[in-house]
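Here's the letter readout for the chains.
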Amino acid sequence: QVQLVESGGGLVQAGGSLRLSCAASGRTFSSYAMGWFRQAPGKEREFVARITRSGGSTYYADSVKGRFTISRDNAKSTVYLQMNSLKPEDTAVYYCAGDSLMNTIVVTGPSRYNYWGQGTQVTVSS
């Protein structure tokens, strides 16, 4: 089992930046590929970014490519999402998720992740 706790959300103006963190406890963090998802009101949860166990490969949704960066520090059992050039349409609850089964990079379906954090709200004002 692994427990995931997100932090770093908040209110920011369009064009601003935020860095989300997701701290893990429990099983060895480096045995999990990690992802970030988001869910806006009335919408389905959507994939944002993924990073492999070692951090050697990353993958992004087209909507955030070039603006968001996922990274991890296995020594600190933490995964990050640096979000720059934020837009109002980035407003959502952001979740980190762990995948203990696969280390391939293109894994975008929420059902493929078996551990989830509680989420952190990101609100971007125009």
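The residue numbers shown here count from 1 along each chain, following its written sequence. Side-chain atom pairs in this predicted model are given and counted only at pLDDT of 80 or more, local residue features only at pLDDT of at least 70, and totals for whole chains, interfaces and linings cover all residues. Only hydrogens and water are set aside; all other atoms, that is, all heavy atoms of the structure, feed into the side-chain values.

**Some remarks on the sheet that holds strand E1 (residues 2-7)**
Alright, step 1. One bridge is not enough; two strands pair if DSSP finds at least two bridges between them. Secondary structure elements are taken from DSSP: a helix is a run of H or I of four residues or more, a strand is a run of E of two residues or more, and numbering for both begins at the N terminus. With antiparallel pairing, four strands are arranged side by side in an open sheet as E1-E3-E8-E7. Every other strand in the sheet has two partners, leaving E1 and strand E7 (68-73) as the edge strands with one partner each. Neighbour-to-neighbour, the strand axes of the sheet open up by a mean angle of 15 degrees, direction not taken into account.
Alright, step 2. Here E7 runs beside strand E8 (residues 78-83); their pairing, made up of six bridges, is antiparallel. Its bridge partner lying in E8, Thr-69 is registered against Gln-82. Fitted lines through C-alpha atoms give the axes, limited to the stretch in contact for helices. The angle between two N-to-C directions lies from 0 to 180 degrees.

**Looking at the state of the cysteines**
Alright, step 1. By definition, disulfides here are pairs of cysteine sulfur atoms that lie within 2.5 Å. Following the criterion strictly, the structure yields one disulfide and no others.
Alright, step 2. The disulfide partner of Cys-22 is Cys-96, and the S-S distance across this bridge is 2.0 Å. Residues Cys-22 and Cys-96 share a disulfide whose torsion about the S-S bond is about 45 degrees; that sign makes it right-handed. With a gap of 74 residues between them, Cys-22 in strand E3 (residues 18-26) and Cys-96 in strand E9 (residues 92-99) connect regions that are remote in the sequence.

**What about unusual backbone geometry?**
Alright, step 1. The backbone of Ser-77 shows a phi angle near 55 degrees, a positive value even though the residue is not glycine.
Alright, step 2. Residue position: Ser-77 is located in the loop between E7 and E8.
Alright, step 3. The backbone of Ser-85 shows a phi angle near 50 degrees, a positive value even though the residue is not glycine.
Alright, step 4. Positionally, Ser-85 belongs in the loop between E8 and E9.

**Let's talk about the pattern of salt bridges**
Alright, step 1. Salt bridge, as used here: a side-chain nitrogen of Lys or Arg that lies within 4 Å of a carboxyl oxygen of Asp or Glu. Under the defined criterion, the tally for this structure stands at five salt bridges.
Alright, step 2. Where Arg-38 meets Glu-46, a salt bridge forms, and the shortest distance between an N and an O atom there is 2.6 Å.
Alright, step 3. Of the residues examined, Arg-38 reaches a relative accessible area of 5% and is grouped as buried.
Alright, step 4. Salt-bridge contacts for Arg-50 lead to Asp-99; the nearest nitrogen and oxygen are separated by 3.1 Å. In this pair, Arg-50 is assigned in strand E5 (residues 46-51) and Asp-99 in strand E9, connecting sequence segments 49 residues apart. Of the two residues, Arg-50 and Asp-99, both sit in the buried class.
Alright, step 5. A network of salt bridges, in which partner residues are shared, links Arg-38, Glu-46, Arg-67 and Asp-90. Partly exposed describes any residue whose relative accessible area lies between the buried limit of under 20% and the exposed limit of over 50%, with all areas from a 1.4 Å probe on protein chains only and scaled to the type maximum.

**Description of the packing of aromatic side chains**
Alright, step 1. Pairing of aromatic side chains requires ring centres within 6.5 Å, counting the rings of Phe and Tyr and the six-membered ring of Trp. Pairs whose planes differ by under 30 degrees are stacked, by over 60 edge-to-face, and all others tilted. Within the structure shown, the criterion is met by seven aromatic pairs.
Alright, step 2. Aromatic pair Tyr-32 and Tyr-115: ring centres 5.5 Å apart, planes at 75 degrees, arrangement edge-to-face. Note that Tyr-32 is positioned in the loop between E3 and strand E4 (33-39) and Tyr-115 in strand E10 (residues 115-116), a separation of 83 residues in sequence. Neither Tyr-32 nor Tyr-115 differs from the other in exposure class; each is buried.
Alright, step 3. An aromatic cluster of three or more residues is present, and its members are Phe-37, Phe-47, Tyr-59, Tyr-95, Tyr-113 and Trp-116.
Alright, step 4. For a Lys NZ or an Arg CZ to count as sitting over a ring, it must be within 6 Å of the ring centre and within 35 degrees of the ring normal. Seen from the ring of Trp-116, Arg-45 lies directly overhead, with NZ or CZ sitting 4.8 Å from the centre.
Alright, step 5. A cation over an aromatic ring shows up here: Arg-72 above the ring of Phe-29, its NZ or CZ 4.4 Å from the ring centre.

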